[in-house]
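A look at the structure
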Amino acid sequence: MITILLYAFIAITAIQVIYFLLFGVFAFAKPQRNKQHNLPISVIVCAKNEAENLKILVPELLQQSYKNYEIVLINDASSDGTQDVIEQFQKENANIKLVNVENNEAFWGNKKYALTLGIKAATNDYLVFTDADCTPVSKHWLSEMTQHFSSTKKIVIGYGAYARKKYSFLNLLIRFETLMAAIQAFSYAKLGIPYTAVGRNLSYRRDEFYRVNGFVNHMKIRSGDDDLFIKDAASGKNTAICFSKDSFTISQPKTSFGSWFQQKRRHVSTSSHYKFIHKFLLGTFYSTQVLFWALAIFLLCTELWILALGVLGIRVLLQYFIIGFSASKLKEQDTLYLLPILEIFLVIIHFGIFIANKTSKPTHWK
């Protein structure tokens, strides 16, 4: 019986090794630019009760080195001073546009409805999206993101990082999860089968939005203005990735496990609507990840522990190699220090999210 489990462990490890080799398409990728210059850009920010965050974000957007852009700020039925803050910025800056969204019975609390109104109000055809609680890491953010547009590349996926907090295991875990999600998103896009993006750093042409009828296919699903749009609109031919260090956005991470867990539940809830190939690939990766660690821990407690340790070592070394190069690209090298521990915690958390989402579904985006 133990021998059979060892063979199963080797087979599962082989599957994991194949996945990490596939992730190598991003780990060893070089930045590519199409040298687009001065495309007319509309930066779109959807804000719900984000008055204080807008006071930080908007000045950063106004300091972008890019010359030809407007800022579309959407007040999504806020109950704080969001509208007042936007109106004040609008008075002082001619390139700021306010879209005021009121709740209605059909689309109450729906970010996609608010974003649709913002997209329709935008003057320009090239759209760049971020969230109100984000900031670009550089004044060259727009320049870096738009350089990837071309006659064929109409969607650009960027990296949305989280700020570092010293001496916080939760912060390390959040950033490791974000890193792993980005590695998979960028790798699948490089392989020609893009499946997700983050709305806090995403660009696309407006005609791509209208080509797939916007968010109509999933308007009733509260989350998914980024990944479900990518599911409908993105392909290997029209999608590019941007991972230069000046192209990142950065957000403040959750500071309690409960709030982060709920956030991840909302994000993961859209995965059941992915294409079959993506559900199969992601499901196989995560299920073999669970089995890998479960069998590794069990076999290390048996007389076959030396063989199990050898197999474990091969997989972990390859993981360090691939994740290390990827982390270096995305400036997340410190997540490598506790890599196996962080992965085990993440496996347990993903399992918990799966169980929680089977019993109830997250609702509003805010």
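Check the entry above for the structure.
Description of the structure in this document. Remember, it's a predicted structure, so these values are computed and weren't measured experimentally.

A few words now on the packing of aromatic side chains. Under the criterion given, the structure shown has 30 aromatic pairs. Each ring, one from Tyr-188 and one from Tyr-195, has its centre 5.3 Å from the other, and the planes form 85°; the classification is edge-to-face. Of the two residues, Tyr-188 and Tyr-195, both sit in the buried class. Looking at Arg-205, its charged tip hangs above the ring of Tyr-126, at a distance of 4.8 Å from the centre. Above the face of the Phe-292 ring, Arg-315 is positioned so that its terminal group lies 4.3 Å from the ring centre.

On the surface, Phe-169, Tyr-337, Leu-338, Ile-341 and Phe-345 cluster together to form a nonpolar patch covering roughly 490 Å² of accessible area. Looking at the element boundaries, Leu-338 is found in the loop between α11 (305–329) and α12 (339–359).

Along helix α3 (residues 82–92), the residues that are buried comprise Thr-82, Val-85, Ile-86 and Phe-89. End-on view of α3: buried residues confined to an arc of 95°, all on one side of the axis. More than 90 degrees from the buried face of α3, the exposed residues found are Asp-84 and Lys-91. Buried-residue contacts for α3 involve β1 (41–47), α2 (51–62), β2 (69–76) and β3 (96–101).

With mixed pairing, seven strands are arranged side by side in an open sheet as β3-β2-β1-β4-β8-β6-β9. Each edge of the open sheet carries a strand with a single partner, namely β3 and β9 (239–241). Pairwise comparison of adjacent strand axes, ignoring direction, gives a mean angle of 20° for this sheet. Looking at chain direction, β1 and β2 are connected through seven bridges and run parallel. When the bridges of β2 are listed, Ser-42 appears paired with Glu-70.

Criteria and cut-off values
Residues numbered from 1 in each chain as written. Predicted model: local features only at pLDDT ≥ 70, side-chain atom pairs only at ≥ 80, totals over all residues. Heavy atoms only, no water. Phe/Tyr/Trp six-rings, centres within 6.5 Å; stacked < 30°, edge-to-face > 60°. Buried < 20%, exposed > 50% of the residue type's maximum accessible area, 1.4 Å probe, protein only. Lys NZ or Arg CZ within 6 Å of the ring centre and 35° of its normal. Patch = residues over 30% accessible without salt bridge, like charges linked within 9 Å, V, L, I, M, F, W, Y side chains within 5 Å. Areas by Shrake-Rupley, 256 points an atom, 1.4 Å probe, with all protein chains shown as cover. Salt bridge = Lys/Arg side-chain N within 4 Å of Asp/Glu carboxyl O. Helix = DSSP H or I, 4+ residues; strand = E, 2+ residues; numbered from the N terminus. Arc of directions from axis to C-beta. Contact = heavy atoms within 4.5 Å. Pairing = 2+ DSSP bridges. Axes fitted to C-alpha atoms, helices over the stretch in contact; angles between N-to-C directions.

Read these as layout, nothing more, since geometry by itself doesn't imply function.
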